[in-house]
Every structure is written in structure tokens, then in C-alpha cells.
Amino acid sequence: MLLSAESGDILVRRRNYYDRYLASRLANPLEDAKQLVLFRNIPLSDAESLGEAMHAVRGSCGKRGLARVDSAVNCGK
């Protein structure tokens, strides 16, 4: 399974110029960012590495994204 193994594998670069543009066009814009993600192949049989990877992506994913990753991991068992 391809996941980010460490929290340092996920970088978020804010795009302030685009946020200013959106603020001038929309009443309530969402922040924009470019995410750079390093994926690593983690075998489903390695429970410890999978747990660390889930902990690493927890800060960058919403509940829906984490639920999709969890269902993909548990589907493969």
C-alpha cells in the first residue's frame, strides 16, 4: 500500500497570491495550498509501519480521507 511513512513526508506550501485573488472574488473562500507528498510502499503485513503511516497522515487528512485509507487497509486483510 502506498502511504506516507512519516509526518515529514507531507509538506504544505501556502499560495498566498492565489488566496488574495480568491478573497477578492469570493465572499468566503477556502484557503488554497499545494501539497507535496512522498509515498512509500508499505506491505499490508507490516502492522507496525502501517500504524506509524496512519499516524503520520492523520494531521493532513480529514475524517473522510482517513476512513478511506482505513477501509483500503482492512479490505486487504
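For the structure itself, consult the block above.
1. Here we look at the environment of A56
So, step 1. Turning to its location among the elements, A56 is positioned in helix α2 (residues 47-58).
So, step 2. On the basis of relative accessible area, A56 is assigned to the buried category, the value being 10%.
So, step 3. Once the C-alpha coordinates of A56 and S7 are considered, the two residues, 49 residues apart in sequence, prove to be 4.3 Å apart.

2. Things to note about the pattern of salt bridges
So, step 1. Applying the stated rule across the entire model yields two salt bridges.
So, step 2. In this structure, E6 and R40 form a salt bridge, with 3.9 Å as the shortest nitrogen-oxygen distance. Taken together, the residues span a long stretch of sequence, with E6 in the loop between β1 (2-3) and β2 (10-14) and R40 in strand β4 (residues 40-41) at a distance of 34 residues.
So, step 3. For E6, a relative accessible area of 46% puts it in the partly exposed group.
So, step 4. Between R40 and D9 there is a salt bridge whose closest N-O contact spans 3.2 Å. In this pair, R40 sits in strand β4 while D9 sits in the loop between β1 and β2, placing the two residues 31 residues apart along the sequence.
So, step 5. Classification of R40 by relative accessible area gives partly exposed; the value is 33%.
So, step 6. Residue class for D9 comes out buried when judged on its relative accessible area of 8%.
So, step 7. In this structure, a network of salt bridges that share partners links the residues E6, D9 and R40.

Parameters at a glance
Residue indices follow the written sequence of each chain, beginning from 1 at its first position. Whole-chain, interface and lining totals are the exception, using all residues; otherwise, since this is a predicted model, local features are given only for residues with pLDDT of at least 70 and side-chain atom pairs are given and counted only at 80 or more. The basis for every side-chain value is the complete set of heavy atoms in the structure, and neither hydrogens nor water enter the calculation. Helix and strand definitions follow DSSP, with helices as H or I runs of at least four residues and strands as E runs of at least two, each counted in order from the N terminus. Three labels apply to residues, based on accessible area from a 1.4 Å probe with only protein chains included: buried if under 20% of the type maximum, exposed if over 50%, partly exposed otherwise in between. We define a salt bridge as a side-chain nitrogen of Lys or Arg found within 4 Å of a carboxyl oxygen belonging to Asp or Glu.

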